[in-house]
Amino acid sequence: MIRTTLATISALLLLALPAQAADDVIAAPTLRASVTVTSDVVRVGDLIDNAGSAALIPVYRSPDLGTTGALPVAQVLSVLRAKQVIGVMTGDIREVQVTRLARTLANKDLENAVASALERRFGLGDAANITVTFDRGVADMRLDASNTGALQPVATRYDARSGRFDIAFEINNDNNPAPTKLRFTGTAIETVEVAVLTRDIDRADLLKSSDVTLERRPKAEVTGEAASRDRTIGMQLRRPMRAGAPIRVADIVKPDFVQRDQNVTIIYQVPGLYLTTRGKAIENGAEGDTVSVLNLQSKRTLTGVVTGRGQITVQGASQSAPMPPAVEQTSSLKRDEAPAPVDTAALVRNLVQAPESPAQIAQAQIPQARISQAPAKSE
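Residues numbered from 1 in each chain as written. Predicted model: local features only at pLDDT ≥ 70, side-chain atom pairs only at ≥ 80, totals over all residues. Heavy atoms only, no water.

Student: Sorry if this is basic, but what is going on with the overall build of the chain here?
Tutor: Summing up its helical and strand segments, the chain has seven helices and 23 strands in all. Considering the chain as a whole, with its 379 residues, one finds that 33% of them fall into the buried category. If you take every contact in the chain between residues at least 6 apart in sequence, the share linking residues at least 24 apart comes to 54%. Accessible area of the chain: about 23,500 Å², with a carbon and sulfur share of 52%. (Helix = DSSP H or I, 4+ residues; strand = E, 2+ residues; numbered from the N terminus. Buried < 20%, exposed > 50% of the residue type's maximum accessible area, 1.4 Å probe, protein only. Contact = heavy atoms within 4.5 Å. Areas by Shrake-Rupley, 256 points an atom, 1.4 Å probe, with all protein chains shown as cover.)

Student: How should I be thinking about the packing of aromatic side chains in this particular structure?
Tutor: Tallied over the full model, the rule gives four aromatic pairs. In this structure an aromatic cluster arises from ring pairing among Phe134, Phe165, Phe169 and Phe184. (Phe/Tyr/Trp six-rings, centres within 6.5 Å; stacked < 30°, edge-to-face > 60°.)

Student: Looking at this structure, I do not really get the pairing of strand 19 (residues 273-281). What am I missing?
Tutor: Side-chain direction in a regular strand flips from residue to residue, so the side chains alternate between the two faces of the sheet. As paired elements, strand 18 (residues 263-270) and strand 19 share eight bridges and run antiparallel to each other. Bridged to Asn263 within strand 19 is Lys280. In this antiparallel pair of consecutive strands, strand 18 and strand 19, the connection spans two residues, and Gly272 shows a positive phi of 85°. In terms of strand pairing, strand 19 meets strand 21 (residues 290-295) through three bridges, oriented antiparallel. Counterpart to Lys280 in the pairing with strand 21 is Leu294. (Pairing = 2+ DSSP bridges.)

Student: Mind showing me how you'd approach the confidence of the model for the chain here?
Tutor: Reading predicted coordinates in detail is not appropriate for stretches of low pLDDT. Taken residue by residue, the chain gives an average pLDDT of 80. The fraction at 70 or more is 76%. Considering only residues more than four positions removed or in separate chains, one finds that residues 317-337, a stretch of pLDDT under 50, has 23 contacts. When the criterion is pLDDT under 50, residues 354-379 qualifies, and its contacts beyond four places in sequence or with other chains add up to 34 contacts. (pLDDT = per-residue confidence, 0-100.)

Student: I keep staring at the pattern of salt bridges and nothing clicks. Help me out?
Tutor: Working definition: two side chains of opposite charge can pair if their charged atoms are close together. This model, assessed by the stated rule, comprises 18 salt bridges. Asp166 is paired through a salt bridge with Arg183; the nearest N and O atoms lie 2.6 Å apart. With Asp166 in strand 12 (residues 164-173) and Arg183 in strand 13 (residues 176-197), this residue pair connects regions lying 17 residues apart in the sequence. Note that Lys219 and Glu190 form a salt bridge whose closest N and O atoms lie 3.9 Å from each other. Pair noted here: Lys219 is in the loop between strand 14 (212-218) and helix 5 (229-232) and Glu190 is in strand 13, with a separation of 29 residues, a long-range link. Residue class for Lys219 comes out partly exposed when judged on its relative accessible area of 46%. Overlapping salt bridges, with partners in common, bring together Arg157, Asp166 and Arg183 in one network. (Salt bridge = Lys/Arg side-chain N within 4 Å of Asp/Glu carboxyl O.)

Student: Would you take a moment to explain the sheet that holds strand 2 (residues 34-37) for this structure?
Tutor: Hydrogen bonds between backbone groups are what pair the strands of a sheet, and the pairing can be parallel or antiparallel. Spatially, 2-7-6 is the arrangement adopted by the three strands of the open sheet, whose pairing is mixed. The open sheet has two edge strands, strand 2 and strand 6 (68-72), and neither has a second partner. Between one strand axis and the next, the sheet turns through 25° on average, direction left out of account. Judged from the five bridges that link them, strand 6 and strand 7 (residues 95-100) form a sheet pairing that is antiparallel. By the bridge assignment, Pro72 is partnered in strand 7 with Glu95. Of the strands in this sheet, strand 6 and strand 7 touch helix 3 (residues 73-82), which is tilted by about 75° from strand 6. (Axes fitted to C-alpha atoms, helices over the stretch in contact; angles between N-to-C directions.)

Here it is as structure tokens:
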């Protein structure tokens, strides 16, 4: 009877040993080389796999939000042994890297949140044109990773005269029913992008690319429409301006291609003819402006259009005069009559002396051939 009982016990032990060995392999605690945590403490279950009932035991304080710390393996094993956690498999790990996850709110993100809360309110414009400055220089902010919600403004105050703001935000927290509260104070000013002079500019100077840069300035400093950089290049100022001055559209004009009392070239232009002579401008003019000019040869004052630097074009009056009717095909010249010769000298003299009437230019430019309506001879 005793022998039978011992045999039964031995058989049961033999059956139980492989299962127990298998359980030991599966349940063996194993140290992790890299650990990430979201709370302010590191627990046994964060450091090792298969920690069992000891998983929730706190053993270390977590690193600062968004940072990583290193723990020597010997120190980790000593702390675990004090918590009655033994038999931990370490492999070839020499230290454990512990990283605390965090949500980072960059300074620019906070500025954008404030600008969005003020957008199109209190007399302000678009958020992109609102410049925010925090009190005490708010830097990048790190929050617990459980703060996954968006920044929601819940209270907004703004003084349009001083530009001061006081805004409270809330962020939903996954681990806490109460949202995280943030509050910011500072100044918010609406700005405009405007071309600014990089050096002192006189009225006669043409604006070059190196003379102008783009800056954001408070809207209150730029009365009227701000000029863009592209619009100012190649233009002139209406008055001398100092370096750093913002440029408005009203401050720039097209450059003067002709200056008063400047010696210029007068161009006389009529269909089929192009003449030039010397003249003196009586007034300033930009390209396309109509100005008065003195013909130095005839001493007559003419009116023309500025077409280039030092050039004034006087259009011939014959351009607006009606052309004579075309000769019919049935008309013919008498055999004893030849076309009248073109008096080129008279034409030039008339053009240079600025003919007084359209008929005079028409007569000088297109000599009229005498036409006879003789009947055709019949054979």
